[in-house]
4 protein chains.
Amino acid sequence: MAVTPTPAQLDRLQIEVPSWAYGNSGTRFRVFTTPGTPRDPFEKLADAAEVHRHTGLAPTVALHYPWDKVDDWDALRRHAEDLGVALGTVNSNTFQDDDFKFGSLAHPDARIRRKAVDHHLECIEVMHATGSRDLKVWLADGTNYPGQDSIRERQDRLAESLAQIYAEIDEEHRMVLEYKFFEPAFYHTDIPDWGTSYVHCLALGDRAKVVLDTGHHAPGTNIEFIVAQLLRLGKLGAFDFNSRFYADDDLIVGAADPFQLFRIVVELIAGGGYGDPDVQLVLDQCHNIEAKVPGQIRSVLNVQEAIAKALSLDTDALAVARRDCDVLLANEIMMDAYATDVRPLLTEHRAAKGLPENPMRAFLDSGYLDRIAAERVGGTQAGWGA
Amino acid sequence: MAVTPTPAQLDRLQIEVPSWAYGNSGTRFRVFTTPGTPRDPFEKLADAAEVHRHTGLAPTVALHYPWDKVDDWDALRRHAEDLGVALGTVNSNTFQDDDFKFGSLAHPDARIRRKAVDHHLECIEVMHATGSRDLKVWLADGTNYPGQDSIRERQDRLAESLAQIYAEIDEEHRMVLEYKFFEPAFYHTDIPDWGTSYVHCLALGDRAKVVLDTGHHAPGTNIEFIVAQLLRLGKLGAFDFNSRFYADDDLIVGAADPFQLFRIVVELIAGGGYGDPDVQLVLDQCHNIEAKVPGQIRSVLNVQEAIAKALSLDTDALAVARRDCDVLLANEIMMDAYATDVRPLLTEHRAAKGLPENPMRAFLDSGYLDRIAAERVGGTQAGWGA
Amino acid sequence: MAVTPTPAQLDRLQIEVPSWAYGNSGTRFRVFTTPGTPRDPFEKLADAAEVHRHTGLAPTVALHYPWDKVDDWDALRRHAEDLGVALGTVNSNTFQDDDFKFGSLAHPDARIRRKAVDHHLECIEVMHATGSRDLKVWLADGTNYPGQDSIRERQDRLAESLAQIYAEIDEEHRMVLEYKFFEPAFYHTDIPDWGTSYVHCLALGDRAKVVLDTGHHAPGTNIEFIVAQLLRLGKLGAFDFNSRFYADDDLIVGAADPFQLFRIVVELIAGGGYGDPDVQLVLDQCHNIEAKVPGQIRSVLNVQEAIAKALSLDTDALAVARRDCDVLLANEIMMDAYATDVRPLLTEHRAAKGLPENPMRAFLDSGYLDRIAAERVGGTQAGWGA
Amino acid sequence: MAVTPTPAQLDRLQIEVPSWAYGNSGTRFRVFTTPGTPRDPFEKLADAAEVHRHTGLAPTVALHYPWDKVDDWDALRRHAEDLGVALGTVNSNTFQDDDFKFGSLAHPDARIRRKAVDHHLECIEVMHATGSRDLKVWLADGTNYPGQDSIRERQDRLAESLAQIYAEIDEEHRMVLEYKFFEPAFYHTDIPDWGTSYVHCLALGDRAKVVLDTGHHAPGTNIEFIVAQLLRLGKLGAFDFNSRFYADDDLIVGAADPFQLFRIVVELIAGGGYGDPDVQLVLDQCHNIEAKVPGQIRSVLNVQEAIAKALSLDTDALAVARRDCDVLLANEIMMDAYATDVRPLLTEHRAAKGLPENPMRAFLDSGYLDRIAAERVGGTQAGWGA
């Protein structure tokens, strides 16, 4: 009973890829390395551009500051343009300076909060140079032990710090505020849930929006509900896509629970968020043991397949079944869309656009991985610390 | 390093007990019965009054409508007064009418939503008769299967239904809105988290407040954070106390994780909610296999002990340790309060007030249980359905 | 890269359906009723036979004792045969007698343990009459509060009780022992995990096997791992299929996480359990709000689709990718099988066997639901208690 | 109703501390450093000896190989003896060599499995030099993506590798085998649960025992049940103590859920494991943001308090209440022990043994932390990688 998505519908998909996905990453136990890993932001962009070249889906690249700090931002911007991509969201970093051991924007010490605010003002300067629209704030702030700091006072300090940053973004900028259930703080995090991000965004103003990272929820959380609710409230600013079984939250999107990803994008479409530039779709993943560029290609394809399935949903028939409280029929209509094998359609769609029919094969056959392994010798491979 | 709570501090504690705790309850597998179980609301109140008589902590009794429906509300009110207690919150019931199989306030069918709204208007009538301040809305609404109904549209319908009810409560009334992670709906619930309850309350107005049921969260949720946040936002209307290990949420408060209960009441006190009549403390429990009146006595004593421990916290020393980012010292100060055996202090406090030093022993020795077992013969024992 | 399953491979699938799925069920909040619900085991069998008639997949029906007690077991057996199905596993019931309030086979009181053992001996008598091979033991035993009973002593008592039952089963019988993470006991259950069921089965003997109920695990548990492990140990006796998002465990199999179901049956096939009569596939579900017979049809179709996808797995290519530690390729091969739309193949397969191409439509069009609603008037609808 | 533990009972407590707790640790986001952090195993031992000097509870130190590799093991052993402690369990490391990116003992490649086995043979050599009894095997093995490798074949390879190691341990040695629910592998781990560790130990022989790490379970798991079960089966070899709220598993033992710790040691005592040298109590923690030596002192004190509370349990009264199925009384007896403030008793006990009454204060006042901060300048601070 599924319907067929139109090319125009499929064309609305754009996914931002993260510069840090191309560097090394790992766990607290070990960061394994790979030949060919980029040594600087220019090489990261080159890798990211391969994803877009083969899929047509990833036109922008998110930056992490100061990991992606360069002397000449214009050069980086031109480099991106030459590669056919653009610079995207600027992500701040409040978790690697020794001063931030006990927090940043919510730290008990006003001097350190000031330093954390100033870091964000630097990020805003970067946004001017890169032409980025969004400043993404993900905080590592929190505590590890009950009593360690005042949960309540940290909220008040956080609100004040955020207000100072928000006051400095331009009219065309947005602040997007992420929440996370746990880690690296293990007893409490200062923005643990969508409700907390939402109330801070509400206090800040219209250009503050919530970021929903699909991996940042308690077990059993119905994430598509949150998508629906935030769209309803007009406060869903961006997605960070990834997946997880229990924790770590950085597996390939759709790898752990593809049906959940489908349900999420069904609500995205139903709520008008799909194709809306104000709801930015971003990958936030790491590839600890798998190849990085192919890992990113797989990720954007997974999102594309989920979107195509969701667009196959027969919403008219569904509305009738829902009106009739026909539980099994409504579920069947949903599952019909999910069960549809959209890969032939997507292959055709790519062909029509002059893209490789099988982006993964095309990339693997291109020799790019061998080339960078041969060329990128010496220097320091980029990772979460650089 | 713990400090000693004053009698005046201890005296601020008041806990509302639920009428339904005295009736039979169980699981979907079986409801076991006990001799002496009340047959009507009058007998429930008699049992509830025993809790207050022995502890001095439980002066009001929450009602559930229509479970506690009587012909003469004045008679019930006078009966309560004669027993030394008062009638409290009125709880609506939107989960036992056949019409509510697929929802009530969020149902797809306007006729059924109207019926559910009307049920709440009846509850408001009861509030006039009982002198209750709070209308508590806990919804069973939700779905069991993906696709079954529109998550988004249900939110909109819910908002509209709630507004119709809110429009009818008096100036001195409040609507308190509960959230619940799961059950009896198993795929999505229409008010699954504090954020959702909060945004509805915000839309409704000042007299709409969030109810935090301690058992209604995803695993790993930091509940004391939510307490702190809702107090900060001025929107914490009431607690439903109970506990759970995994699920069911109706074990005796403090039985599963007494340290969590302690942390919750620490935040309650820190945020100014303790002793504030606008933050109502209520038990919401069931006693499937243990004796009911003693189960309630244990519950109010558990809350009292947690409060006394929390009042023992040396907040001055804690503020210094927090300022210094002395993680271990701050945690130690917290744990010192928790480790304090407050039972001797509470025994003394009760003696000074003419209460039994050991309320549990005093009740068990009173012969009340034997008396009701002998007297309450015939009739239909009250349960969740009556 | 997926391969195409052969008809012979598809034909090995047989799923036992539970008699209790056709009766009313619900939650502790409410059991909703439906017109046409069976009033006795004969009517339950009639409903179950519809599932087999339309799908060809459900040739046997599990019984629950004493819910399905009849005066004349031979008549029931013949009735089943007339309907084209057979009687299957006999499930004992140790959770609805008042004596079992605090446990059955693990109860502190020897008299009650004896009674629980005797109940199982009665079940064995039933097995003689019905020709059933398997005695399924799912225990509700456990405690709600820390300290309530000795965890250790309960294990010893349980072992002794199980040994008494095992001693009485025939050579051609099996005892299959289920584990469950929680509910109806909420602090501890006496057989909470596969390890505990396994050690008891090991102590009992070769004809004692573990039952894996897909809904009976802690959040995040990798269930396919347990399948692989139990097959490796030769101790997987049966599946109880169903699904859940958080808890209740009785949603339609595959409804919550179809990819998990796929992974489970992939391990079932890889470990040699598929088509092995010693690994019995059973549904254990309830249909609280959806129509029951169609709910069962959907369930067996969901299992069939998962099996067909798993049979599509290109295991040769997978072996190579695994040998090469090519993470992305191995995962892609897995996902290729999963992404395959097997419904056309299954439609064709059914046609070749003279079955309805769309069993659900065929059943709904048959008028059976209207007929039973009209015919089954009066009497008491069957439910979990009858 | 609690009873008072005797000095002899308290004296049976001995806790092994981990050498790695004194080095730097952190999360994948950041490892923060502290002045005074040890640069080598000799300095680690010096720190560990402080814990024992002040508490009298930590006479042995677990080693991690090759992190603690030294040229002269005799010198290390004598150094320990001079400091009043002894060398304990040797922990292997199968997660930091590039070859182990896709596993070690369960790796698809026989060469790498051989390398991992050889690493353990080296550990056994170390045990000869250090006089250690236990070889602890915690495996990082597992996969991140469905399909990545064969769950089943990895079990078989693992069994074979373990057998090769087990064959080489001496008669007076033991192999203790740890399980872990997740991390660093995120889809499946090769020893995820006690059942899996148990079946491997069973296959290996009497000197193979299970290690229960308190932080390595799914949410909601009843850990004390596993303690009781493994003691019953005679297969509990060691504890790794720590705590967690959701994940990371390396917070201070008793910090997250002190009541759970109490319940665990109640079962330890009830099952005869307390004071039994065959059930080794070990800390396995890291101190990411708190001071390390004091963090370890707090940890052993937390265990000591939990033990003292558990020893306060009135087991005679409890047996009666359990026999009577008096749920509330049995729970009350349990909670009475837990509510007892055992700190005065422990202060007295320490005084009688010539230990500091308040070990934490005594240590902080000793100037040790300032001294090592001044002395340990230059060199490379020890961490998880060294």
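Note that the coordinates shown come from a computational prediction; the quantities given were computed from them, not determined experimentally.

Definitions and limits used
- Residues numbered from 1 in each chain as written.
- Chains lettered and ligands numbered in written order.
- Predicted model: local features only at pLDDT ≥ 70, side-chain atom pairs only at ≥ 80, totals over all residues.
- Heavy atoms only, no water.
- Least-squares fit on C-alpha atoms with pLDDT ≥ 70 in both.
- Contact = heavy atoms within 4.5 Å.
- Core = buried A, V, L, I, M, F, W, Y, C linked by side-chain atoms within 4.5 Å.
- Buried < 20%, exposed > 50% of the residue type's maximum accessible area, 1.4 Å probe, protein only.
- Helix = DSSP H or I, 4+ residues; strand = E, 2+ residues; numbered from the N terminus.
- Buried area = accessible area lost by both parts, 1.4 Å probe.
- Salt bridge = Lys/Arg side-chain N within 4 Å of Asp/Glu carboxyl O.
- Nonpolar A, V, L, I, M, F, W, Y, C, P; charged D, E, K, R; others polar.
- Polar contact = N/O pair within 3.5 Å; in protein donor to acceptor, adjacent residues only side chain to side chain.
- Pairing = 2+ DSSP bridges.

## A few points about the relation of the copies chain A and chain D
Then, number 1: Once chain A is rotated about the relating axis by 180 degrees and shifted along it by 0.0 Å, it coincides with chain D to within an RMSD of 0.0 Å. Both copies of the chain, as the preceding transformation shows, are related through a two-fold rotation axis. The position closest to the rotation axis in chain A is occupied by the C-alpha of Arg-28 of chain A, lying 2.2 Å away.
Then, number 2: Taken as a fraction of all interface residues of chain A, those also at the interface in chain D reach 100%, which identifies the copy contact as same-surface.

## Looking at the nonpolar core
Then, number 1: Membership of the largest hydrophobic core comes to 392 residues, with the highest contact counts inside it found for Phe-239 of chain A, Phe-239 of chain B, Phe-239 of chain C together with Phe-239 of chain D.
Then, number 2: The contacts of Phe-239 of chain D, once residues within four sequence positions are left out, are Val-211, Leu-212, Thr-214, Val-227, Ile-264, Leu-268, Val-279, Gln-280, Leu-281 and Val-282 of chain D.
Then, number 3: Among the nonpolar cores identified, the runner-up in size contains 60 residues, and Tyr-246 of chain C together with Phe-182, Ala-218 and Leu-251 of chain D belong to it.

## Here's the deal with unusual backbone geometry
Excluding glycine, most residues fall at negative phi; most peptide bonds, likewise, are trans.
Residue and element names in this part refer to chain A.
Then, number 1: The omega torsion of the bond from Glu-183 to Pro-184 falls at 5 degrees, within 30 degrees of zero and hence cis.
Then, number 2: One can find Pro-184 in the loop between strand S6 (174–178) and strand S7 (188–189).
Then, number 3: Positioned with a positive phi, Glu-183 is a non-glycine residue whose angle comes to about 75 degrees.
Then, number 4: Note on placement: Glu-183 falls in the loop between S6 and S7.

## Looking at the interface of chain A and chain B
Then, number 1: Taken residue by residue, the interface counts 51 residues in chain A and 51 residues in chain B.
Then, number 2: When the two sides are added together, the surface that chain A and chain B hide from each other amounts to roughly 4,100 Å², 66% of it contributed by carbon and sulfur.
Then, number 3: Seen at the junction of chain A and chain B, the total is two salt bridges.
Then, number 4: Listing elements by their share of the side of chain A that touches chain B, those giving two or more residues are helix H5 (151–166), S7, helix H6 (194–204), helix H7 (223–232), helix H8 (258–270), helix H10 (315–323) and helix H11 (327–339) of chain A.
Then, number 5: Here the side of chain A that touches chain B gets seven residues from one element, more than from any other, and that element is H6 of chain A.
Then, number 6: By residue class, the composition of the side of chain A that touches chain B is 25 nonpolar, 16 polar and 10 charged.

## Some words on the interface of chain A and chain D
Then, number 1: At the junction of the two partners, chain A supplies 42 residues and chain D supplies 42 residues.
Then, number 2: When chain A packs against chain D, the two sides together hide about 4,200 Å² of surface, and 62% of this comes from carbon and sulfur.
Then, number 3: In terms of surface lost to chain D, no three residues of chain A exceed Arg-28, Phe-29 and Tyr-246 of chain A, which account for 23% of the buried area on that side.
Then, number 4: On the surface where chain A and chain D come into contact, there are six salt bridges.
Then, number 5: A salt bridge links Asp-250 of chain D to Arg-28 of chain A; the nearest nitrogen and oxygen atoms lie 2.7 Å apart.
Then, number 6: Inspection of the region where chain A meets chain D yields 15 residue pairs in polar contact (both at pLDDT 80 or more).
Then, number 7: By residue class, the composition of the side of chain A that touches chain D is 22 nonpolar, eight polar and 12 charged.

## Points about the environment of Gly-378 of chain A
Then, number 1: Within the element layout of this structure, Gly-378 of chain A appears in the segment after helix H14 (368–375).
Then, number 2: Put simply, Gly-378 of chain A and Arg-39 of chain A are 339 residues apart on the chain and 8.7 Å apart in space, counted from C-alpha to C-alpha.

## With respect to the relation of the copies chain A and chain B
Then, number 1: For the match of chain A to chain B, the screw axis carries a shift of 0.0 Å, the RMSD comes to 0.0 Å, and the turn is 180 degrees.
Then, number 2: A high fraction, 100%, of the interface residues of chain A reappear at the interface in chain B, so the copies pair face to face through one surface.

## Notes on the environment of Gly-220 of chain C
Then, number 1: Secondary-structure assignment places Gly-220 of chain C in the loop between strand S8 (208–213) and helix H7 (223–232).
Then, number 2: Sequence separation between Gly-220 of chain C and His-128 of chain C is 92 residues; the distance between their C-alpha atoms is 40 Å.

## A word on the pairing of S6 of chain A
Every regular strand shows the same layout, with side chains that alternate between the two sheet faces.
Residue and element names in this part refer to chain A.
Then, number 1: Here S6 lies mainly inside the structure; five of its five residues are buried.
Then, number 2: Where burial is concerned, the two faces of S6 agree: the one with Arg-174, Val-176 and Glu-178 and the one with Met-175 and Leu-177 are both buried.
Then, number 3: Here four bridges tie strand S4 (residues 134–137) to S6, and the two strands are oriented parallel to one another. What sits directly across from Leu-135, in S6, is Met-175.
Then, number 4: Judged from the four bridges that link them, S6 and strand S8 (residues 208–213) form a sheet pairing that is parallel. Directly across from Leu-177, in S8, lies its bridge partner Val-210.

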